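Residues per chain are reported as follows:
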Amino acid sequence: MYSHLRRLIACLFLLVESAAHASLDPQWVEFPALKEFNGEPVELGGWLYRPEGRGPFPALVLLHGCGGMYTAQGHLTASYRHWGTLLSEEGYVTLLVDSFNPRGYGSICNLQKRPVLASRERVEDAYAALHWLTRQPEVAPGRVGLIGWSNGGTGTLYAMRSATQPQGDGFRAAVAFYPGCGTISKARTPYTPYAPLLILIGEADDWTPAAPCKQVADQAKAIGAPLDIVTYPGAHHGFDRIDSPVRYRPDVRNVNRPDRLGATVGGHPQARTDAIGRTQAFLARVLKN
């Protein structure tokens, strides 16, 4: 009797342990976009990473760059997999949203006229994901943040504008990796985020230059807005990417060049390590307290 009970307890323990490890694997989820695209409704999708335990947990919406979030072979990139796993291990429910494939595009980097706009669809997708997350029982109310990279980083800036703040739940904080700040820096009204915002960008970035972002940050700080910026000497666009040597991409759209083509991209180990640490500390301070 005792040995049978012990075996039963052991089996139950193994089942629980397996379930806990399985929870670290991402789950594909779907939810409706806020608006139609080209006159048709859009069903967005994304990879959801859950932490171990019951929660409720703080949560994060992740917005990919102009290249989408998949490799040419159709796999989630190593960088986005790393961020999803890292953040879930840190105790966040993490939703990486696919803005492109549901609208018929894999990448928009090479398109001079981009049909999916950082200032429109990417913002809408961020809030569609926020609305979906706030309905999940494992997500702590009012503790959802936003992280975006490149085109998604620009979307993050637009999503965090004071003028964009929704009447209901908004984002508690945001991190923008190497966003494009050119248009925002030229606005008549200084940029003001409605919640703490951290910009991380390379000083050698020739695709989304650091100078306009510095200008945006200086103007925001001058009026007491909660915006901080960290720039990395020698770091190019995509400095936090994994297994990404520095290289020149001649065919991508670049509004900062006379011919609107070409940009340098690639990882920078020192900047990557520092940026990960700063992101972890920033999120812990604003989402976990």
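Some points on the overall build of the protein chain
Broken down by element type, the protein chain carries seven helices and ten strands. Taking 19 Å as the expected radius of gyration for a compact globule of 289 residues, we find that the protein chain reaches 20 Å, a close match to that expectation. The buried share among the 289 residues of the protein chain stands at 49%. Pairs at least 24 apart in sequence give 74% of the contacts found in the protein chain among residues at least 6 apart. When the accessible surface of the protein chain is summed, it comes to about 13700 Å², and 54% of that surface belongs to carbon and sulfur atoms. Of note, the protein chain has its 29 positive side-chain charges centred 3 Å away from the centre of its 25 negative side-chain charges.

Description of the state of the cysteines
Counted by the stated rule, this structure contains two disulfides. A disulfide bridge connects cysteine 181 with cysteine 213, and the sulfur atoms are separated by 2.0 Å. Here the S-S torsion is close to 85°, and the disulfide linking cysteine 181 with cysteine 213 is therefore right-handed. On the criterion of sequence distance, the pair formed by cysteine 181 in the loop between strand E6 (173–177) and helix H5 (182–185) and cysteine 213 in helix H6 (residues 210–222) is long-range, its members being 32 residues apart.

Overview of the pattern of salt bridges
This structure, assessed with the given rule, holds seven salt bridges. In this structure, the salt-bridge partner of aspartate 240 is arginine 241, at a minimum N-O distance of 2.9 Å. No difference in accessibility class separates aspartate 240 from arginine 241, as the two residues are buried.

Structural notes on unusual backbone geometry
Trans peptide bonds make up most of the peptide bonds, and negative phi angles are found at most residues other than glycine. Here the amide bond leading from glycine 55 into proline 56 is cis, since omega sits at 5°, within 30 degrees of zero. Tracing the backbone shows proline 56 in the loop between strand E2 (43–49) and strand E3 (57–63). A positive phi is found at asparagine 38, a non-glycine position, where the angle reads about 55°. Mapped onto the fold, asparagine 38 is located in the loop between strand E1 (27–32) and E2. In this structure asparagine 38 comes out as exposed when scored by relative accessible area, which is 68%. The backbone of serine 150 sits at a positive phi, close to 55°, despite the residue not being glycine. Position of serine 150 among the secondary structure elements: in the loop between strand E5 (139–149) and helix H4 (151–159).

Looking at the pairing of strand E4 (residues 93–98)
Across the six residues that make up E4, a large majority, six, are buried. Neither face of E4 is exposed, since Val93, Leu95 and Val97 on one face and Thr94, Leu96 and Asp98 on the opposite face are all buried. As defined by bridge partners, E2 adjoins E4 across five bridges and the pair is classed as antiparallel. In the strand pairing of E4, leucine 48 is matched with leucine 95. As judged from the five bridges shared by E3 and E4, these two strands associate in the parallel manner. The residue bridging leucine 60 from the neighbouring strand is threonine 94, located in E4. Regarding the hand of the β-α-β motif, the stretch spanning E3, helix H2 (residues 78–89) and E4 is right-handed.

Focus: the confidence of the model for the protein chain
Scored by pLDDT, the protein chain comes out at a mean of 91, with 92% of its residues at no less than 70. Across residues 1–23 the pLDDT falls below 50, and counting only partners more than four positions away or on other chains, this stretch makes four contacts in the model.

Description of the sheet that holds E1
The mixed open sheet is built from eight strands, whose spatial order is E1-E2-E4-E3-E5-E6-E7-E8. Each end of this open sheet is capped by a strand with a single partner; those strands are E1 and strand E8 (227–232). Across the sheet, the mean angle separating the axes of adjacent strands is 20° when strand polarity is ignored. Along the sheet, helix H3 (residues 121–134) contacts E1, E2, E3, E4 and E5; its crossing angle with E3, the most-contacted strand, is approximately 155°. Against the sheet, H6 engages strand E7 (197–202) and E8, with an angle of about 150° to E8.

Comments concerning the environment of arginine 103
Here arginine 103 lies in the loop between E4 and H3. Taking the C-alpha atoms as reference points, arginine 103 and proline 41, 62 residues apart in sequence, are found 9.5 Å from one another. Dropping the residues within four chain positions of it, arginine 103 is found in contact with Ala33, Phe37, Val42, Leu44, Val116, Glu121 and Asp125. Of the polar contacts made by the side chain of arginine 103, one reaches the backbone oxygen of serine 99; its length is 2.9 Å. Polar contacts involving the side chain of arginine 103 include one to the side chain of aspartate 125, which spans 2.8 Å.

Analysis parameters
Residues numbered from 1 in each chain as written. Predicted model: local features only at pLDDT ≥ 70, side-chain atom pairs only at ≥ 80, totals over all residues. Heavy atoms only, no water. Helix = DSSP H or I, 4+ residues; strand = E, 2+ residues; numbered from the N terminus. Rg over C-alpha atoms; globule rule 2.2 N^0.38 Å. Buried < 20%, exposed > 50% of the residue type's maximum accessible area, 1.4 Å probe, protein only. Contact = heavy atoms within 4.5 Å. Areas by Shrake-Rupley, 256 points an atom, 1.4 Å probe, with all protein chains shown as cover. Lys, Arg positive; Asp, Glu negative; His and termini not counted. Charge placed at Lys NZ, Arg CZ, Asp CG, Glu CD. Disulfide = S-S within 2.5 Å. Salt bridge = Lys/Arg side-chain N within 4 Å of Asp/Glu carboxyl O. Pairing = 2+ DSSP bridges. Right-handed = clockwise from strand over helix to strand, strands pointing away. pLDDT = per-residue confidence, 0-100. Axes fitted to C-alpha atoms, helices over the stretch in contact; angles between N-to-C directions. Polar contact = N/O pair within 3.5 Å; in protein donor to acceptor, adjacent residues only side chain to side chain.

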